[in-house]
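Each chain is listed here by its residues.
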2 protein chains.
Amino acid sequence: MKHVYFFAQGRAEGTAAMRDVLGGKGANLAEMTNLGIPVPPGFTIGAPVCMSYLQSGTLPEEVKQQVTAAMARLEEVTGKKFGGGDNPLLVSVRSGAKFSMPGMMDTILNLGLNDRTVEALARNTSNRRFAYDSYRRLIQMYGSVVFGIKGADAEGDPFDRALEELKRARGAERDIDLPAEDLERLVAEFKQIVLRHTGSPFPQDPWEQLWGAIEAVFRSWENRRAVEYRKLHRIPHDLGTAVNVVAMVYGNLGEDSGTGVAFTRNPSTGERGLFGEFLPNAQGEDVVAGIRDPEPIEKMGSRLPQAYQELLRVASTLERHFRDMQDIEFTVERGKLFLLQTRAGKRTVQAAVRIAVDLVGEGLIDRAEAVRRVDADQLDQLLHPMVDPRATAEVIATGLPASPGAAVGRVVLDADTAVRSAESGEAVILVRRETSPDDFHGMVAAKAILTARGGLTSHAAVVARGMGKCCVVGAKDLELDEGARLFRANGRVVREGDWISVDGTTGRVFLGRVPLVDPEPGPEFLRLMEWADQLRLLRVRANADTPEDARRARQFGAEGIGLCRTEHMFFGEDRIMAMREMIVAQNAEGRRKALEKLLPMQRQDFLGIFREMNGFPVTIRLLDPPLHEFLPRGPEEIARLAGALGVGEEELTRTVERLAEANPMLGHRGCRLGITYPEITAMQARAIFEAACDAAEEGVEVHPEVMVPLVAHVEELQRQAEIVRSVAEEVLRQRGRRVEYSVGTMIELPRAALTAEQIAGAADFFSFGTNDLTQTTFGLSRDDAGSFLPHYLEAGILADDPFQTLDVEGVGRLIEMAVQSGRKSNPALKVGICGEHGGDPRSIAFCHRVGLNYVSCSPFRVPVARLAAAQAAVGTASGADK
Amino acid sequence: MKHVYFFAQGRAEGTAAMRDVLGGKGANLAEMTNLGIPVPPGFTIGAPVCMSYLQSGTLPEEVKQQVTAAMARLEEVTGKKFGGGDNPLLVSVRSGAKFSMPGMMDTILNLGLNDRTVEALARNTSNRRFAYDSYRRLIQMYGSVVFGIKGADAEGDPFDRALEELKRARGAERDIDLPAEDLERLVAEFKQIVLRHTGSPFPQDPWEQLWGAIEAVFRSWENRRAVEYRKLHRIPHDLGTAVNVVAMVYGNLGEDSGTGVAFTRNPSTGERGLFGEFLPNAQGEDVVAGIRDPEPIEKMGSRLPQAYQELLRVASTLERHFRDMQDIEFTVERGKLFLLQTRAGKRTVQAAVRIAVDLVGEGLIDRAEAVRRVDADQLDQLLHPMVDPRATAEVIATGLPASPGAAVGRVVLDADTAVRSAESGEAVILVRRETSPDDFHGMVAAKAILTARGGLTSHAAVVARGMGKCCVVGAKDLELDEGARLFRANGRVVREGDWISVDGTTGRVFLGRVPLVDPEPGPEFLRLMEWADQLRLLRVRANADTPEDARRARQFGAEGIGLCRTEHMFFGEDRIMAMREMIVAQNAEGRRKALEKLLPMQRQDFLGIFREMNGFPVTIRLLDPPLHEFLPRGPEEIARLAGALGVGEEELTRTVERLAEANPMLGHRGCRLGITYPEITAMQARAIFEAACDAAEEGVEVHPEVMVPLVAHVEELQRQAEIVRSVAEEVLRQRGRRVEYSVGTMIELPRAALTAEQIAGAADFFSFGTNDLTQTTFGLSRDDAGSFLPHYLEAGILADDPFQTLDVEGVGRLIEMAVQSGRKSNPALKVGICGEHGGDPRSIAFCHRVGLNYVSCSPFRVPVARLAAAQAAVGTASGADK
């Protein structure tokens, strides 16, 4: 079996397609060689060897034979001899896995140096200092990687310590200030360190060096940071790493040498043209060591014009060949360019969009590929203001990045103050322990919301994302003292009225006013979204509760509203009183009287939304939250309300107490309200259909879809749907209009999913409310998960936050069952999702796979969803370089 | 097709096996006829005709022909003529469905009377009064049943009104005081009423009468009260009713006539011997009208010795034939006995047990049938004290019957007072708005628990049932005023210290001390349970948290503990402080210190339980409730605790606030505690295995099963099981003992059920926690369901309370999936259920069907479960008369 793949002089045994075996680096070295691009010769030991080595603990004899043969070929093509005294062959030994794991595994350079060959290197390069510096680096790297000598002593790395002592003794400030003699002495000392730690001298036999290095690189696949990295990036643990053994080239042999890194396009903006840095007369390591500042890559044109021209040519070849922007490393040795690595370059989302669209223009990729090339999750960075990356300001707390964007404003500690200050023209940031629906008007008024408690799907987070408003939640370091009207954080006292800045993209909270930048989605963005829309099968709707939200949703390309929550409409100043009057009413008559006051307001809301969504469907969810959410809590507020409603204070207190619930999430809410108080459902249905008629009379095309929440049993849906349909028919008859409407249900309880076949018989559509479905399936309150869910994610008990990315195994299984059995009894069933997951790319891929008709998400996530839906539709192209 | 089944003179076309067609009454009339038992001749129109009539609205011609032919045969065998002038044939027309629906449908007697035949009847019976009374009854019944004349007028039934007016005019007190002439006049008036209401005269054609009566009886299948009754008793709506047309016999033709009802054994005690009542010279109706008090059946022996001997003979024949105690109706017409009906008699559970066991002794039924004959659900009436049925006392409130039995005691309004009073020897009843784990010690001390809020599965209800303690919950009329140390109910003020009585079997609360009776399960009960144990496949365990519970469980026949909750152990006076110390601790070290104090106490608890359960498995659930349940709430209590623990009051307040949860049911509890605080799991494991070793050293056979609660993801179980196993192995190694143990998990979250295949790979057993599984599957908090669940049940949205009877469609589907997929990956998996449903017969039948290994329930429900498990195993015998 072939384990070792040679490459040299324009011919390689491997290709770019062999990433599984050769790893990313090795595959691309082979590919470049085949393309005639100057690459130092070498060979790659395949990744499967790594796994067999890790299992058996020894290198198979067959592998050893193939490595020996490859080294002989390497000697032949370089004309040098491994361990040879006159013209020694030196090699680098590097890891290289299928997926890039930068810095996670080990590298050894200058392998092949020993007490003899170092002298030959000194001679051949006429640079004794360079030769001994290379040798001491080898010993240090080898000691560390192969023998594990680092941090073993309490005093830190013994090699570093020896180097520092010598520098101190010589009064040398930098490594480079030490002359050759000192480095010779250091080599001797380093060898002593190895002897002391291992009981054996530093191996002089280059073959012993080579085998040790190869095994150490293989072992590094299992070091702690590599394992953690793979967990984090979901890279399988059984891939193993390849090992690249490559002839050394040196960029530090004089002014005609140098080293550099470059992107073939600007990774920040996507602009065409080489972008990078060059350091003359230096090795890659020196850049890291900070000896000199590198120069912009353009300067290389004047220093080494020939090599620079060659680099431009190579860059263009690589881009055209790999059909993507490349991140390359190179060295110029005595005027000659060598490519050491090429890979797809990391880029900002702005650059990703521009490059993808440009590459289509250049005929290198098609539109489907362009759509694949942009990380959908990052897309909404393009739509929100950001903290200026150059800004410096004191971070006083860090919380969870609940809703992206950034904002600057004065601290306010309650919703009423927020509204008052905002009305007087102040930019304010609402800071709360946590928010409740009572705070809604303050959240509307504020530029950003900051809470000390709650997770990524707490009330604050969900509502803020819905509004596209910057939000940081769960900033645990915040200690609120509402009495004193201030909060403490990081030893600072911030009073109400003080300026702070909040970055909802990263979760940071800054003291004072931080400059913001406002990214503008350019024409490339619009082009890409157009392509995405042509490719996707899933419809994309938005969750929107107001005409403003609806308008924004349309601007972002939403094709309807998938979730219009009606309860927020009740929190307006004039409305909450009528709502409370209804709740306090003693009987259906009293409730009906209060509901009559709410009817015209709701109708007006719906009319505004229908106008904005002209021609598109609007799914309106009937009242969902428990009634106690609308009532005040403290005794003063209760007293005030009692006065306003003209009821006894004691009686009202009893009502508030009676309505309080142990687990409101599982309490008297959703359709349970509509069933115990059918007059609420009737009023809402009337408001919807009267508004629909009003809109239709204005020439607006309306498609109301009435959604019954929290159904567990088909009988609940049947009875609610009966009320809705009978009110609808009555209104339409009175108005003499025909309006197409449908009645369906949220599937947000496991029982609804389990009995979907029956429920679908009474439903025109299903909309998966994956927030609540996740809560009930996991038995996990998102408001309370903050005390253990972060630990679960950290400890790897859960790979993802199930409130962010749909839990395919559990919740997803319920969804799949429900879709299948629902369509069985009702083939015309329309099925969508309106939970937070509707804006999450991985969850959208799942929705595509199980055949949903649409996803619905916050307006700001609509572009993300459009792109993710397209990506799900085009799938992963074979051989995509990602 | 045959629609009409004739019976007369010892030959019937039907049999008892034809209940589907003939209904219960008709089938048994046929059967009795075939047995040679004297039954008036007649015929039955099959129930399928009912459904076709209800669909088409007309009687099929074929049916009419068969009825006409049957009437001709009836004329032949009786020697009378239908509508005939000299010797008229009179018939009764009665409904009779497959399942008895007493009083739900309609009956018409004396059919065939008209202006001519009434005279013949008067002549033949020499009783003009009797004849006209029969005629006016026919008109009234016919008017009401066929023409719907009743309550149509605002003034009530016009027939009744006319009769009352006549009596007033005559000064007659009773109907019977009216002479024949008045009754003739009444007949004339009744005919006028019919004419006025229908526009047509009362039909003189007996055939017209007959067809009208048959159709009316068919229609009565769909009257409101019949439909409601079927809903309540889960009788299908598409069965229809048969119609029985039977020649009239009269018990009111003189002193040699009479009527009676009798049970073939005592329906209260099960004692052998005829038990019933006889009314000489009377019709069945007269008993209802209360004209005279009936006599004990024995008296009939002296009045009508021949008929009585015949009755004893018939009763014995019927019992032997139907192999069950019978409830019979009969009439003696001029010395001749006629059986009008026989059916299996209703009986108390005491009687049911005795009769079933006696019938086996008499060789009439086998043991499996005996087991089938007793309603398992009623069995625990035998095990609790009851309110003396003869007692009269003021009911001041009625709540939900949460835990059966009855108790008398003085009112106490908090747990501490309960304990103090109980310690001083008082019988107390703890009255609370609702209970929390904080009240546990008070619940232990009280004779009964009464709450104003909460449902049948609220904390109070669950804990009380677990303790077998009388409990009434959700007594809404109770208005508690803890400040004034009293409650108000039904206009009464009851102060702390006043006597009340509570009936947990019916939900009633009495003022003062009500006498109780203490039913003693007799030898028949023990015999029956023995047979049940031989027949059942399901094992029956108990949920028990203390050695006392464990002992009681064994007494009731439990074969192990299926759920030992460890949290109750932490509420003891000395323990709660250590528990609180642990919760308040700042780090793992502090927690470990506090846990060390709890360790010996827990170990002692487990040792006590292991001793009681010698030889049987004990499933111990690790700590489950959220930690805040252990902390005080009010500021005073917090201050006191802060002092006791030596921490700042403010700091403790913050801890309490920090631990508070929006939805504790879905919060930081179950294995989430063990995962964030692994030291808790380690301590509990240590206590379990040290206790196991201690017990083993005493010669006790121990089988600990450690159960990890609230698992949603296999990874949670894996990590907790790892801790348990490593502590177990360490303890066993230290003690040099081998103890067989297993580690498994509660399946109480939908996600666990959905991913059971994975979870089973890490579990030795599953125990379905159906309380929480129902809560999460339905999204329904049992503590909060009181505000809408009763309405759901009343309105028929749900057929059963899902917390009482397992919801087979939803929750059951999850269980079935989990059992199947769990056993797929782990064929040795042991599977049980430990929710409240483990003691519910219908749920136990489900558990049997899906192949569980055991059910576990409160100790007092163990006999119920044993019997129900046997019933599930023997199934329903074909032709069982139930």
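What counts as what
- Residues numbered from 1 in each chain as written.
- Chains lettered and ligands numbered in written order.
- Predicted model: local features only at pLDDT ≥ 70, side-chain atom pairs only at ≥ 80, totals over all residues.
- Heavy atoms only, no water.
- Helix = DSSP H or I, 4+ residues; strand = E, 2+ residues; numbered from the N terminus.
- Buried < 20%, exposed > 50% of the residue type's maximum accessible area, 1.4 Å probe, protein only.
- Contact = heavy atoms within 4.5 Å.
- Areas by Shrake-Rupley, 256 points an atom, 1.4 Å probe, with all protein chains shown as cover.
- Lys, Arg positive; Asp, Glu negative; His and termini not counted.
- Charge placed at Lys NZ, Arg CZ, Asp CG, Glu CD.
- Buried area = accessible area lost by both parts, 1.4 Å probe.
- Salt bridge = Lys/Arg side-chain N within 4 Å of Asp/Glu carboxyl O.
- Polar contact = N/O pair within 3.5 Å; in protein donor to acceptor, adjacent residues only side chain to side chain.
- Axes fitted to C-alpha atoms, helices over the stretch in contact; angles between N-to-C directions.
- Parallel < 35°, antiparallel > 145°, perpendicular 65-115°, else oblique.
- Left-handed = near helix turned anticlockwise from the far one by under 90°.
- Nonpolar A, V, L, I, M, F, W, Y, C, P; charged D, E, K, R; others polar.
- Least-squares fit on C-alpha atoms with pLDDT ≥ 70 in both.
- Pairing = 2+ DSSP bridges.
- Phe/Tyr/Trp six-rings, centres within 6.5 Å; stacked < 30°, edge-to-face > 60°.
- Expected span 1.5 Å × (residues − 1).
- Arc of directions from axis to C-beta.

Student: Help me understand the overall build of chain A in this model?
Tutor: Looking only at helices and strands, chain A features 33 helices and 34 strands. The C-alpha extent of chain A, read off along each of the three principal axes, is 105 × 60 × 55 Å. Classification of the 882 residues of chain A by burial places 59% in the buried group. For chain A, restricting intrachain contacts to residue pairs at least 6 apart in sequence, the fraction spanning at least 24 positions comes to 68%. For chain A, the accessible area works out to roughly 34200 Å², and carbon and sulfur atoms hold 48% of it. Charged side chains of chain A number 105 positive and 123 negative; the gap between the two group centres comes to 2 Å.

Student: Sorry, what's going on with the interface of chain A and chain B here?
Tutor: Accessible area lost upon the coming together of the parts serves often as the stated size of an interface. Between chain A and chain B, the residue contacts involve 49 residues of the former and 49 residues of the latter. Carbon and sulfur atoms make up 54% of the area that chain A and chain B hide from each other, which totals about 4400 Å². Linking chain A to chain B there are four salt bridges. A salt bridge links Glu809(A) to Arg751(B); the nearest nitrogen and oxygen atoms lie 3.1 Å apart. At the junction of chain A with chain B, the criterion picks out 29 residue pairs in polar contact (both at pLDDT 80 or more).

Student: Would you explain the pattern of salt bridges in this entry?
Tutor: Between side chains of opposite charge, a pair can form when the charged atoms approach closely. Residues and elements named next belong to chain A. Applying the stated rule across the entire model yields 130 salt bridges over all chains. Close ionic contact of Asp358 with Arg354 constitutes a salt bridge, the shortest N to O distance being 3.2 Å. With Asp358 and Arg354 both in helix α13 (residues 349–361) and four residues apart, the pair spans about one turn of that helix. Since its relative accessible area comes to 23%, Arg354 is described here as partly exposed.

Student: For this particular structure, what's the right way to read unusual backbone geometry?
Tutor: Trans is the prevailing form of peptide bonds, just as negative phi is the prevailing case for residues other than glycine. With phi around 50°, Arg485(A) is a residue other than glycine that occupies positive phi space. Within the secondary structure, Arg485(A) is located in the loop between β21 (479–481) and β22 (486–489). You will see that Asn110(B), though not glycine, has its phi angle at about 65°, which is positive. Within the fold, Asn110(B) resides in strand β5 (residues 107–111).

Student: Would you explain the packing of helix α13 (residues 349–361) of chain B against helix α18 (residues 523–535) of chain B in this entry?
Tutor: For any two helices packed against each other, the geometry comes down to the angle between their axes and how far apart the axes lie. Residues and elements named next belong to chain B. Remark: α13 packs on α18, axes separated minimally by 9 Å, with the N-to-C direction vectors making an angle of 70°. The angle between the axes of α13 and α18 places the two elements in the roughly perpendicular class. Relative to α18, the crossing made by α13 is left-handed. Between α13 and α18, the residues in contact are Val353, Arg354, Val357 and Val360 and Glu524, Phe525, Arg527, Leu528 and Trp531, respectively. Taken together, the residues of the contact of α13 with α18 break down into six nonpolar, no polar and three charged.

Student: Can you help me understand the relation of the copies chain A and chain B in this one?
Tutor: Each copy of the chain is related to the other by a rotation around an axis and a translation along that axis. For the pair chain A and chain B, the best superposition has an RMSD of 0.3 Å and corresponds to a rotation of 180° with a translation of 0.1 Å parallel to the axis. The operation mapping one copy onto its partner corresponds to a two-fold rotation axis. In this assembly, 100% of the residues forming the interface of chain A have copies in chain B that are likewise at the interface, indicating an isologous arrangement.

Student: Where do I start with the sheet that holds strand β20 (residues 470–473) of chain A in this structure?
Tutor: As a general point, the strands of a sheet are linked pairwise by backbone hydrogen bonds and lie either parallel or antiparallel. Residue and element names in this part refer to chain A. Taken together, the eight strands give an open sheet; going across it, the order is β15-β25-β24-β17-β18-β19-β20-β16, and neighbouring strands pair in mixed fashion. Unpaired on one side and paired on the other, β15 (395–398) and β16 (400–403) mark the two borders of the sheet. If you compare each strand with its neighbour and ignore which way they point, the axes differ by 30° on average. Bridge count between strand β19 (residues 448–451) and β20: three bridges; the pairing is parallel. Paired with Ile449 across the bridge in β20 is Cys471.

Student: Would you mind showing me how to read the pairing of strand β20 (residues 486–489) of chain B here?
Tutor: If a strand is regular, its side chains alternate between the two faces of the sheet. Residues and elements named next belong to chain B. As paired elements, strand β19 (residues 479–481) and β20 share three bridges and run antiparallel to each other. Residue Leu480 lies in a different strand from β20, and its bridge partner there is Phe487. Hairpin connection of β19 to β20: four residues between the antiparallel strands, including Arg485 at a positive phi of 55°. Inspection of the sheet shows β20 paired to strand β21 (residues 492–495) by four bridges, in the antiparallel sense. Residue Phe487 lies in a different strand from β21, and its bridge partner there is Val494. Hairpin remark: β20 followed by β21, antiparallel, with two residues in the connecting loop; positive phi at Asn490, about 50°.

Student: Would you explain the packing of aromatic side chains in this entry?
Tutor: For any pair of aromatic rings, geometry is given as the distance between the ring centres together with the angle between the planes. Scanning all chains against the criterion turns up 28 aromatic pairs over all chains. Ring centres of Phe788(A) and Tyr792(A) lie 5.9 Å apart, and the angle between their planes is 65°; on these two criteria the pair is classed as edge-to-face. Comparing Phe788(A) with Tyr792(A), the two get one shared label, buried. Considering the side-chain rings of Phe130(B) and Tyr250(B), the 4.8 Å spacing of their centres and the 85° angle between planes classify their relative orientation as edge-to-face. Here Phe130(B) is found in helix α5 (residues 128–145), whereas its partner Tyr250(B) is found in the loop between β6 (241–247) and β7 (258–265), with 120 residues between them in sequence.

Student: Could you clarify how one ought to interpret the side chain of Thr331(A) in this entry?
Tutor: Residues and elements named next belong to chain A. By the element assignment, Thr331 lies in strand β12 (residues 326–333). With a relative accessible area of 5%, Thr331 lands in the buried category. A polar contact of 3.4 Å, which involves the side chain of Thr331, links it to the side chain of Thr259.

Student: What am I meant to see in the packing of helix α3 (residues 61–78) of chain A against helix α8 (residues 206–220) of chain A here?
Tutor: All names here are of chain A. Following both chains from N to C, one finds α3 and α8 inclined at 125°, their axes separated by 12 Å at the closest point. If you check the angle between α3 and α8, you find them oblique. The crossing of α3 and α8 is right-handed. Where α3 approaches α8, its residues Lys64, Val67, Thr68 and Met71 are matched on the opposing element by Trp207, Leu210, Trp211 and Ile214.

Student: Mind showing me how you'd approach the sheet that holds strand β31 (residues 830–833) of chain B here?
Tutor: All names here are of chain B. What the eight strands build is a closed barrel, ordered β25-β26-β27-β28-β29-β30-β31-β32; its pairing is parallel. Averaged over neighbouring strand pairs, the angle between their axes works out to 25° when direction is ignored. Inspection of the sheet shows β31 paired to strand β32 (residues 854–857) by two bridges, in the parallel sense. Bridging from a neighbouring strand, Gly832 pairs with Tyr854 of β32.

Student: Is there a simple way to explain helix α18 (residues 523–535) of chain A in this structure?
Tutor: Residues three or four positions apart in an α-helix share a direction because the helix packs 3.6 residues into each turn. Residues and elements named next belong to chain A. Helix length check: α18 (13 residues) gives 19 Å between terminal C-alpha atoms against 18 Å at 1.5 Å per residue, within 8%. Within the span of α18, buried status applies to Phe525, Leu528, Met529, Trp531 and Ala532. Buried residues in α18, looked at end-on, bunch into an arc of 160°, giving them a common side. Turned more than 90 degrees away from the buried face of α18 sit Pro523, Leu526 and Gln534, all of them exposed. Buried positions along α18 lie against α13, α14 (367–372) and α33 (862–874).

Student: Explain helix α32 (residues 841–849) of chain B to me, please; I cannot follow it from the model alone.
Tutor: Residues and elements named next belong to chain B. Residues of α32 that are buried include every one of Pro841, Ser843, Ile844, Phe846 and Cys847, and no others. Taken together, the buried residues of α32 touch α31 (808–825), β31, β32 and α33 (862–874). Looking one or two places after α32, you find Gly851, whose phi comes out positive at around 85°.

Student: Can you help me understand the environment of Ala558(B) in this one?
Tutor: If you trace the backbone, Ala558(B) turns up in the loop between α19 (547–555) and β26 (561–565). Here the alpha-carbon distance between Ala558(B) and Ser856(B), two residues 298 residues apart in the chain, equals 8.5 Å.

Student: Would you explain the side chain of Thr451(A) in this entry?
Tutor: Residue and element names in this part refer to chain A. By secondary structure assignment, the location of Thr451 is in strand β19. Since its relative accessible area comes to 1%, Thr451 is described here as buried. Residues contacting Thr451, with those up to four places away along its chain left out, are Arg432, Arg433, Glu434, Thr435, Ala460, Val472, Val473, Gly474 and Ala475.

Bear in mind that shape data such as this cannot, by itself, settle questions of function.
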